[in-house]
Amino acid sequence: MDTVTRPRILVVGAGFAGVECVRRLERKLSPDDARITLVTPNSYQLYLPLLPQVASGVLTPQSVALSLRRSTKYRTRIIPGGAIGVDLKAKVCVIRGITGRIVDEPYDYIVLTPGSVTRTFDIPGLTEHAFGMKTLAEAAYIRDHVIAQLDLADAIEDPAERASRLQFVVVGGGYAGTETAACLQRLTHAAVERYPRLDPGLIKWHLIDIAPKLMPELGEKLGRSAQEILTRRGIEISLGVSIAKAGPTEVTFTDGRVVPTRTLIWTAGVVASPLIATLGAETVRGRLAVTADMCLPGADGVFALGDAAAVPDHAKGVEGAVCPPTAQHALRQGRQVADNVIATLTGRPLRPYHHKDLGLVVDLGGTDAVSRPLGVELRGLPAQVAARGYHWSALRTNVAKTRVMTNWLLNSIAGDDFVRTGFQARQPAKLRDFEYTDVYLTPEQVRAHVEEAGLPAR
């Protein structure tokens, strides 16, 4: 096939689904079969489930950031930037590069895997004063911040300020929030022994969630076991409670309690990337409504998957069920979409996505964990082995596996360290500063931009 007429396959997003799709396309298509392009603001794949261990210092940041440029054998063109709009009629993706320049990238087939962003609500002070746990930079910053609170509490004389710096609030009783609270509590518990002037009783961790149960997906018994483990460690768990307002030195709960704190970590769920709204297509709870083969109905050559798409979950056998936004589904959807794109190129029928959930794992640090692999309920060390074994096997490269295993072994032998880099100390680092959700266009702005650029509908 002439290189000028090669089909252009554009993949948006370098998460689990996007990278898995690209790598499979590279393996199954020759350079003459298609031209593959990947749009991502960061040239690495982030292993999101291990971010709490980066925040607590068990893992180094580069251990969970798998470089997309490490190997020279990959031929996919990487565009460093973020997709801010898609015109389905003109078959153009509008991209804001990392330099700020806007470019229009035409495509024949587009695979949308832009992932998700932190879900926030109209709570006074939330985006101005809360930290997120969705990006590598946020995890690294939170570690610095938490250790800084210990240093500052040790240095100051005002008892009220010291107390506020030693209280920490995590909102969100799902996996991210529970693991974040568990891992960081272990860090501060170990660190306080190095601060003889600090009263260990002043260090308090709060985990709150509006839901009536902690991690309900785990089931009644395991969810209760996780709650008992955290309570035994001294973490105060409040269910049926959320945040009424947040300030720089205190947080007000919806039950009226006011907690003096300088650390509010918000992990109360995610929503699909704002890119999905630029398509003007049907959505299901914010996620793009697609068929079982992950095609967008009524749109030529458009596939969507991962956190941003409501992919029907046929394995559950329940009408209207969609796949949850988990890594195991994203990985398998990425492979299936790659096969379906190739099937479209070769005129073969597309296959629907079908995968039975393998279970859930929750790492609470140390030898504490709760897991349910393949429906088998595990607690303690067996659950920890299952949790870390699953995460380790899911890492895409041998380099990443070696780094993570080395970090785990070193931490188990040498324990935690309490070094903070300080390089971000004077930079804003709250929810509104990391995910750039204000850069996306509306469907009307996308169409106007494309028309101004002289790109006709196809």
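Residues numbered from 1 in each chain as written. Predicted model: local features only at pLDDT ≥ 70, side-chain atom pairs only at ≥ 80, totals over all residues. Heavy atoms only, no water.

Comments concerning the sheet that holds strand β16 (residues 263-266)
- Across the sheet, four strands lie side by side as β12-β11-β10-β16; this open sheet has parallel pairing. Each edge of the sheet is formed by a strand with only one pairing partner; in this case those strands are β12 (235-239) and β16. Strand after strand, the sheet turns through a mean of 15 degrees between neighbouring axes, direction not considered.
- Where strand β10 (residues 167-171) and strand β11 (residues 204-209) come together, five bridges link them in parallel fashion. By the bridge assignment for β11, Val-169 is matched with His-206.
- Where helix α6 (residues 175-191) meets the sheet, its contacts fall on β10, β11, β12 and β16, and the angle it forms with β11 comes to roughly 175 degrees.
- Helix α7 (residues 220-233) contacts β11 and β12 of the sheet and is inclined by roughly 135 degrees relative to β12. (Pairing = 2+ DSSP bridges. Helix = DSSP H or I, 4+ residues; strand = E, 2+ residues; numbered from the N terminus. Axes fitted to C-alpha atoms, helices over the stretch in contact; angles between N-to-C directions. Contact = heavy atoms within 4.5 Å.)

Some thoughts on the packing of aromatic side chains
- With the rule as written, the count across this model stands at four aromatic pairs.
- Ring centres 6.2 Å apart and planes at 70 degrees place the aromatic pair Phe-121 and Trp-266 in the edge-to-face group. Separated by 145 residues along the polypeptide, Phe-121 in the loop between β9 (116-118) and α3 (126-129) and Trp-266 in strand β16 bring together distant segments of the chain.
- In this structure, Arg-23 packs its charged tip against the face of Tyr-74, placed 3.5 Å from the ring centre. (Phe/Tyr/Trp six-rings, centres within 6.5 Å; stacked < 30°, edge-to-face > 60°. Lys NZ or Arg CZ within 6 Å of the ring centre and 35° of its normal.)

Quick word on the UniProt feature "domain: FAD/NAD(P)-binding" (unreviewed entry) in the chain
- Mapped onto the present numbering, the UniProt feature "domain: FAD/NAD(P)-binding" (unreviewed entry) falls at residues 8-334.
- Secondary structure content for residues 8-334 is 27% helix and 28% strand, while the C-alpha to C-alpha distance between its ends is 18 Å. (UniProt positions renumbered as here; feature names shortened; annotations may be inferred.)

Brief notes about the sheet that holds strand β24 (residues 378-379)
- Pairing is antiparallel across the open sheet formed by three strands, whose spatial order is β22-β23-β24. Across the chains shown, the open sheet's two edge strands, defined by having one partner strand only, are β22 (359-363) and β24.
- Of the strand pairs in this sheet, strand β23 (residues 369-373) and β24 are connected by two bridges, and their pairing is antiparallel. Across the sheet, Val-370 pairs through a bridge with Arg-379, a residue of β24.
- Along the sheet face, α7 touches β23 and β24 and points at about 165 degrees away from the line of β23.

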